Amino acid sequence: MIRCILVALDPDSDTRTAVRYASELARRHSASVTGLAVVDTGHIEASIRGGGIGSMYYAEKLREQLTEEARLVARRLIEEFDAIANEEGLRHHNTVAEGVPFQRIVEDMKYHDLLVVGKEPHFFYSHPEEKNKTLVRIVHESIGPVLVVSEAYRAIHRVLMAYDGSAAAARTIQRFAQLQPFGTDVAVDLLTISEETSEAQLMLSLMGAYLQEHGFTFQATVRSGENVAEEIVRFAEEIQADLVVAGAYATSGLKRWFFGSSTSALLEKTTLPLFVYH
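Residues numbered from 1 in each chain as written. Predicted model: local features only at pLDDT ≥ 70, side-chain atom pairs only at ≥ 80, totals over all residues. Heavy atoms only, no water.

A.B. asks: Before we move on, can you summarise unusual backbone geometry with the specific residues and values?
C.D. replies: Glycine aside, negative phi is the norm for most residues, and most peptide bonds take the trans geometry. In this structure, S30 is a non-glycine residue whose phi angle is positive, near 50°. When you line up the elements, S30 lands in the loop between α1 (13-29) and β2 (32-40). Positive phi, normally seen in glycine, also occurs at Q240, with a value near 55°. Following the sequence through the fold, Q240 ends up in the loop between α8 (228-239) and β9 (243-247). Taking relative accessible area as the criterion, Q240 reaches 60% and is therefore assigned exposed. (Helix = DSSP H or I, 4+ residues; strand = E, 2+ residues; numbered from the N terminus. Buried < 20%, exposed > 50% of the residue type's maximum accessible area, 1.4 Å probe, protein only.)

Listed below in structure tokens is the structure:
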């Protein structure tokens, strides 16, 4: 059951899609939605470091200017969120927080069931083109699942669940089944990429039985291939999936450290919404 939804707000166009998904989920579950805008004071501080004693005065003025600019953007984002929520008759709250974005979001997720966030969150409002690692940190540290969306909205009718037998993948599918964000009448395709067909089929049948106990019907497919992410994307296109459910787990590298190599690649290769959990 979803009762409390958190949506992260920033100036990117995918934020509007995130608010739309959050609104749809709130109506379906009679849930409340909290819009969170974060003034990235940590990034502001880092951007003005350097210089000698004589430059301290100018650095302080720049800090004040950037902070005030960021606060203005945050207030505008909140006003836009409130307008949408009021128009759709949603129970809603809003928060403008100051600090490090991923820390503020992770803290607020202690009191929410689901986070909806754009694929490329840029909270340093003064320079929105600057990329940061906010998303990977959120997924890594959040106690709840995350729905990651891109600019394009699509209604969710068919869900592809990528399952490799790992604990992270199992936890993610379990959370999706328990929360039932888009109901139980969605078509579910369970997919694993494996050369061991019989073992993979048994694994999928066990997970499928779990899904059935939660009211879902499913189809199971075993595919072979060296590039797991590419196979998942290819299969998602074949079945015209609207959402991919995938576990996030630690391997190596930057995004890979937090997402796992396959899930990290999925973020780069598909525009489909992703339901991820660690």
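A.B. asks: Describe α1, with residues and values.
C.D. replies: Helical geometry note: an α-helix holds 3.6 residues per turn, so side chains three or four residues apart project in the same direction. Here α1 is 17 residues long and its end C-alpha atoms lie 25 Å apart, about the 24 Å a rise of 1.5 Å per residue gives. Within α1, 12 of the 17 residues are buried, leaving the element largely enclosed by the surrounding structure. Residues of α1 that are buried: D14, T15, T17, A18, V19, Y21, A22, S23, E24, L25, A26 and H29. (Expected span 1.5 Å × (residues − 1).)

A.B. asks: Kindly report on the sheet that holds strand β5 (residues 146-149), identifying the contributing residues and their values.
C.D. replies: In space, the 10 strands of this open sheet follow the order β3-β2-β1-β4-β5-β10-β9-β6-β7-β8, with mixed pairing throughout. The open sheet has two edge strands with one neighbour each: β3 (92-99) and β8 (218-223). Averaged over all pairs of adjacent strands, the angle between their axes in this sheet comes to 25°, without regard to strand direction. The pairing of β5 with strand β10 (residues 274-277) spans 3 bridges and is antiparallel. Bridge pairing in β10 links V148 to L274. Strand contacts of helix α6 (residues 167-179): β6 (158-162), β7 (187-193), β9 and β10, with the helix running at about 115° to β10, the strand carrying the most contacts. (Pairing = 2+ DSSP bridges. Axes fitted to C-alpha atoms, helices over the stretch in contact; angles between N-to-C directions. Contact = heavy atoms within 4.5 Å.)

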